[in-house]
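Overview (structure and organization)
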Amino acid sequence: MKRSIAALLLLAMFGRGAEAGLVGYWPFDGDVLDASGTGNDGELIGGAFTNSVPSVLGAGQSISFQDPTEYVLVDADPSLNSNQFTLSMFVNDQEQFDGINRLTSRQSDSFETGIDKVFGTDSISFYSPAAGWVTTSEIPDGDSWQHWAFVADGEMMTVFRDGGVVYGPEPFTASPVGFMHIGNRWNGAEGFFGLMDDVALWNVPLSEDAITQLASGAKTPLQIESPDVELPPTPVFSVISNVDTWTLSTESVDGGDTVEWDPSADPLPPAIDTYTEEPLATDPAIVGHIDAAAVALSVQGITADADTHYYRTTFNLTGASGLTAEMKLAVDNGAQVYINGELIATEVSFVTENWAFPLPSVDFATDGTLTSSKFDDVATTFAGWIEGENEIVLAVRNPFSETSPAGGFAFRLDFFGDGLRGDFNGDGKVDVDDVNALNIAIRDNSGDTALDLNSDARVDVADLDVMIMDILGTWLGDANLDGEFNSSDLVTVFSAGKYETANDATWTEGDWDGDGKFGSSDLVRAFMDGGYEQGTRAAVAAVPEPTSLSLLLFGLAAVCGSVVRRR
């Protein structure tokens, strides 16, 4: 095994975060397992292991591909997807077949590397959907080992051979996604003929010094220190295109001429009750460019027929203020985006830019301002988020002269934690930790206006009501925050053993009024809210008055608390 990989594997597993850094490392020492600790193990489809390895690596094995259909399959995993990346490998070329012989390939050609015998003269090349094949003019030496590295920082690509720059930095926009083939194209053909070793992938761009250390064998991928790069934030939740959650209207309008479309002449989206049709998913053989964009967005593409058709989905927000969001749309050919009845964005240009990376996008700021990329027209502001159900409608237009189905779309709307109402700890969600933080502030008479949810310049029990009833949409007394107040919540709080004691209590231990304790006042508040055994709050049109049953249960709960306390 090369360079004590077994010992270094432990370092990778326990000494490195999985968020930014090495996400895949395949040493090919008799297997195709991932030595990075991320778990992206491969599956060998043909190919064989050989004792021939780069001299800088010392002993070990490499993998030999002797047929264009042989490859290593690495299943899709989110850790492998990033528009910032470093792909490193040792390659021993042994006379290629005709065509472009892929060294690596990602699903739907979202990024490829290879030896190009079509557009260049046996040169090392790479592919992205936006630029097509790009040649480096560097020809690998036959039957000898070289180190190759492709480094993308989200805007530029740089290619290294044996530690030296041979291409770039030049503009580059691509987001490799989906499964990965090492040794041939993602469709299982057009493969590489030769040997490969120490293939490694990072989701960050490495420095030139790090590439030099890899090429010289001074360090293995496990020993390279990744730069401190801020990765894109993780969405709180997302609205995505798929045929299960979107509906198609029975109404449609004329798509207009092939190269002209005046969206102002089109009517507003049809009535809600017309959305009764089930849309179809895109087929790569029919609208492959939209299918590829859908893969890049981790969504499902939806087919759009000729003329203008309307697609609708809904989603719920627990808080409607202070939200940030990003919307991306790939479409063939044009589209209008409506959110809660407001026209947000319009795309009318019939060009490949509609589905090429980067995709048309809109950013929603917390103050309502909108910024856009590549859309033909976008609203300046949007303040229409609704607490509760929100609606998205897409008017997707294709010229009447195109073959049916004419095209389609892929859509993604991501919401982020910055400014999420009630998210006091900034972790991108509102949960029991935020409720407990608010209860502590109420107990301590905090003057922190960041916790003032009802904007009355005070932090008190009224803010707790807003948090529980409005933001989380549940009942006082819902100790486990599962959306209902029932006997399981009473069991939870009494099992904590803090009823009518001097011990501090959290929300899940019965502190439902923010005084830091669990007592009869908390039970009175909960039962007065009227949600006991009523199901979810949204299912109850009006809050009922306390019933004799509720009061009886309150009495039983108090008795149970006394029993628990005397144990």
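Above this text you will find the structure in question.
Remember, it's a predicted structure, so these values are computed and weren't measured experimentally. (Residues numbered from 1 in each chain as written. Predicted model: local features only at pLDDT ≥ 70, side-chain atom pairs only at ≥ 80, totals over all residues. Heavy atoms only, no water.)

Turning next to the packing of helix α4 (residues 432-443) against helix α5 (residues 461-471). The description of two helices packed together rests on the angle between their axes and the distance between the axes. Running from amino to carboxyl end, α4 crosses α5 at an angle of 170°, the nearest separation of the two axes being 9 Å. By the angle class used here, α4 and α5 are roughly antiparallel. Listed contacts from α5 to Asp 434, Val 435, Leu 438, Asn 439 and Ile 442 of α4 are Val 461, Asp 463, Leu 464, Met 467 and Ile 468. When its residues are assigned to classes, the contact of α4 with α5 shows 7 nonpolar, 1 polar and 2 charged. (Axes fitted to C-alpha atoms, helices over the stretch in contact; angles between N-to-C directions. Helix = DSSP H or I, 4+ residues; strand = E, 2+ residues; numbered from the N terminus. Parallel < 35°, antiparallel > 145°, perpendicular 65-115°, else oblique. Contact = heavy atoms within 4.5 Å. Nonpolar A, V, L, I, M, F, W, Y, C, P; charged D, E, K, R; others polar.)

If you trace the 7 strands from one edge of the open sheet to the other, you get β18-β17-β20-β27-β22-β23-β26, paired in antiparallel fashion. Single-partner strands in this sheet number two, and they are β18 (275-277) and β26 (377-378). Alignment of strand β17 (residues 247-253) against strand β20 (residues 307-317), held across 4 bridges, turns out to be antiparallel. Looking at β20, one finds that Ser 252 is bridged to His 309. (Pairing = 2+ DSSP bridges.)

To continue, consider α4. For an α-helix the count is 3.6 residues per turn, leaving residues at separations of three or four pointing the same way. Taking 1.5 Å as the rise per residue, α4 with 12 residues should run 16 Å; its terminal C-alpha atoms sit 16 Å apart, in good agreement. Turning to α4, its buried residues are Asp 434, Val 435, Asn 436, Leu 438, Asn 439, Ala 441 and Ile 442. The inward-facing, buried residues of α4 contact α5. Sitting at the amino-terminal end of α4 is Asp 431, which places a side-chain oxygen 3.1 Å from the backbone nitrogen of Asp 433. Directly beyond the C-terminal end of α4, a positive phi value near 55° is found at Asn 445. (Expected span 1.5 Å × (residues − 1). Buried < 20%, exposed > 50% of the residue type's maximum accessible area, 1.4 Å probe, protein only. Polar contact = N/O pair within 3.5 Å; in protein donor to acceptor, adjacent residues only side chain to side chain.)

Turning our eyes to something else, we now look at the pairing of strand β9 (residues 123-128). Across the 6 residues that make up β9, a large majority, 6, are buried. Alternating positions in β9 separate into two faces, Ser 123, Ser 125 and Tyr 127 on one and Ile 124, Phe 126 and Ser 128 on the other, with burial throughout. Where strand β8 (residues 112-116) and β9 come together, 5 bridges link them in antiparallel fashion. Paired with Ile 115 across the bridge in β9 is Ile 124.

Another aspect to go through is α5. Those residues of α5 that sit buried are Asp 463, Leu 464, Val 466, Met 467, Ile 468 and Ile 471. Where α5 is buried, its residues meet α4 and α7 (520-529). Gly 473 lies just past α5 and shows a positive phi near 65°.

What follows covers unusual backbone geometry. For the peptide bond that leads from Gly 168 to Pro 169, omega is 5°, which places it in the cis range. Locating Pro 169 in the fold gives a position in strand β13 (residues 164-171). Cis geometry marks the peptide bond from Asp 332 to Asn 333; its omega dihedral reads 20°. With respect to the helices and strands, the residue Asn 333 is situated in the loop between β21 (324-332) and β22 (334-339). Despite not being glycine, Asn 445 shows a phi value in the positive range, around 55°. With respect to the helices and strands, Asn 445 occurs in the loop between α4 and α5. One non-glycine residue, Leu 481, lies in the positive phi region at around 50°. Locating Leu 481 in the fold gives a position in the loop between α5 and α6 (487-495). We classify Leu 481 as partly exposed; its relative accessible area is 26%.

What follows deals with the packing of aromatic side chains. One pass over the structure, following the stated rule, counts 27 aromatic pairs. Look at Tyr 311 and Phe 409: their rings are 5.1 Å apart centre to centre, the planes differ by 65°, and that puts the pair in the edge-to-face class. Of this pair, Tyr 311 sits in strand β20 while Phe 409 sits in strand β28 (residues 407-416), and the two are 98 residues apart along the sequence. As far as the burial class goes, Tyr 311 and Phe 409 line up, both buried. Ring plane angle 65° and centroid distance 5.0 Å describe the contact between Tyr 499 and Phe 518, whose orientation is recorded as edge-to-face. Taken together, the positions of Tyr 499 in the loop between α6 and α7 and Phe 518 in the loop between α6 and α7 put the pair 19 residues apart, joining distant regions of the chain. For Tyr 499, a relative accessible area of 7% puts it in the buried group. Grouped by ring-pair contacts, the aromatic residues Phe 485, Phe 494, Tyr 499, Trp 507, Trp 512, Phe 518, Phe 527 and Tyr 532 constitute a single cluster. Sitting above the plane of the Tyr 275 ring, Arg 312 keeps its charged end 6.0 Å from the centroid. (Phe/Tyr/Trp six-rings, centres within 6.5 Å; stacked < 30°, edge-to-face > 60°. Lys NZ or Arg CZ within 6 Å of the ring centre and 35° of its normal.)

Any functional reading would require information beyond the geometric quantities listed.
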